Amino acid sequence: MSDVQQVPTTAAPTEKDNNAKTHALIAYVMMVLGLFTGVFWLAGAIWGMVKKGDAAGTLYQDHYDNITKTFWVGLIIGIVGFVLSFVGIGIIVLIAGGIWCLYRVIKGLARLTSNKPYN
């Protein structure tokens, strides 16, 4: 027996993994810009939905689920907040929804850049 311990190595990321990470990063960046401009929010969500199939079976697959869920829930909160803004409480709903969306996107970016799945 030798005193040398073998450390298990992780497999190098494949081209599919790298592409999935790159496309998720593009979608997240567009969604961050979209929090300020609106149009990029939609573009980032569409980008993530289109590229979701390419990420199947990769470490980053659940990032695409996060992008899609964040978009749809954010859209619903935005519509409800807009309608309720005529009553006055809508502004609070819009601010809370914006904070929730910002949290989900920043968490996704942090996990993605650390080469970790979203969940």
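For the structure itself, consult the block above.
Described in the following lines is the structure provided in the data block. Here the structure is a predicted model, which is why all the values come from computation and not from measurement. (Residues numbered from 1 in each chain as written. Predicted model: local features only at pLDDT ≥ 70, side-chain atom pairs only at ≥ 80, totals over all residues. Heavy atoms only, no water.)

1. Observations regarding a nonpolar patch on the surface
- On the surface, a nonpolar cluster with roughly 1000 Å² of combined accessible area is contributed by M49, W72, L75, I79, F82, V83, F86, V87, I89 and I92.
- For the nonpolar patch, the leading source of residues is helix 3 (residues 61-84), giving 5 residues. (Patch = residues over 30% accessible without salt bridge, like charges linked within 9 Å, V, L, I, M, F, W, Y side chains within 5 Å. Areas by Shrake-Rupley, 256 points an atom, 1.4 Å probe, with all protein chains shown as cover. Salt bridge = Lys/Arg side-chain N within 4 Å of Asp/Glu carboxyl O. Helix = DSSP H or I, 4+ residues; strand = E, 2+ residues; numbered from the N terminus.)

2. A closer look at the pattern of salt bridges
- In total, this model carries 2 salt bridges according to the counting rule given.
- Its salt-bridge partner being D54, residue K51 comes within 4.0 Å of it at the nearest N-O pair.
- On the basis of relative accessible area, D54 is assigned to the partly exposed category, the value being 47%.
- Close ionic contact of D65 with K52 constitutes a salt bridge, the shortest N to O distance being 2.8 Å. In this pair, D65 sits in helix 3 while K52 sits in the loop between helix 2 (39-51) and helix 3, placing the two residues 13 residues apart along the sequence. (Buried < 20%, exposed > 50% of the residue type's maximum accessible area, 1.4 Å probe, protein only.)

3. Details of helix 4 (residues 90-113)
- In a regular helix each residue adds 1.5 Å, so 24 residues correspond to 34 Å; helix 4 covers 34 Å between its end C-alpha atoms and thus fits that length.
- Buried within helix 4 are the following residues: G90, G97, C101, R104, V105, G108, L109 and L112.
- Looking at the buried positions of helix 4, the neighbouring elements they touch are helix 1 (15-37), helix 2 and helix 3.
- Once helix 4 finishes, N115 follows within two positions and takes phi at roughly 60 degrees, a positive value. (Expected span 1.5 Å × (residues − 1). Contact = heavy atoms within 4.5 Å.)

4. Some thoughts on unusual backbone geometry
- With phi around 60 degrees, N115 is a residue other than glycine that occupies positive phi space.
- Within the element layout of this structure, N115 appears in the segment after helix 4.

5. A closer look at the layout of surface pockets
- Approximately 320 Å³ is the volume attributed to the largest pocket.
- Considering the residues around the largest pocket, the lining is formed by 16 residues, among which G34, L35, W41, G74 and G98 are closest to the centre.
- Put simply, the parts of the chain that give the lining of the largest pocket at least two residues each are helix 1, helix 2, helix 3 and helix 4.
- Grouping the amino acids of the lining of the largest pocket by side-chain chemistry returns 10 nonpolar, 6 polar and no charged. (1 Å grid on protein atoms, 1.4 Å probe; cavity = no way out; pocket = protein on both sides within 12 Å on 5 of 7 lines; lining within 4 Å. Points joined across faces, edges and corners; volume = space filled by probe spheres on them. Nonpolar A, V, L, I, M, F, W, Y, C, P; charged D, E, K, R; others polar.)

6. Things to note about the nonpolar core
- Counting residues in each nonpolar core, the largest one holds 17 residues, and the members touching the most others are Y28, M31, W41 and V105.
- Here this core takes 5 residues from helix 1, the largest share from any one element.
- With residues up to four places along the chain from it excluded, the contact list for W41 reads M30, M31, G34, L35, T70, F71, C101 and V105. (Core = buried A, V, L, I, M, F, W, Y, C linked by side-chain atoms within 4.5 Å.)

7. Structural notes on the packing of helix 2 against helix 3
- Running from amino to carboxyl end, helix 2 crosses helix 3 at an angle of 140 degrees, the nearest separation of the two axes being 9 Å. Here helix 2 is positioned oblique relative to helix 3, judged by the angle of their axes. Of the two possible hands of crossing, helix 2 and helix 3 adopt the one that is left-handed. Between helix 2, through W41, L42, G44, A45, G48, M49 and K51, and helix 3, the contact on the second element is made entirely by Y64, I67, T68, T70, F71 and W72.
- The residue makeup of the contact of helix 2 with helix 3, split by class, is 8 nonpolar, 4 polar and 1 charged. (Axes fitted to C-alpha atoms, helices over the stretch in contact; angles between N-to-C directions. Parallel < 35°, antiparallel > 145°, perpendicular 65-115°, else oblique. Left-handed = near helix turned anticlockwise from the far one by under 90°.)

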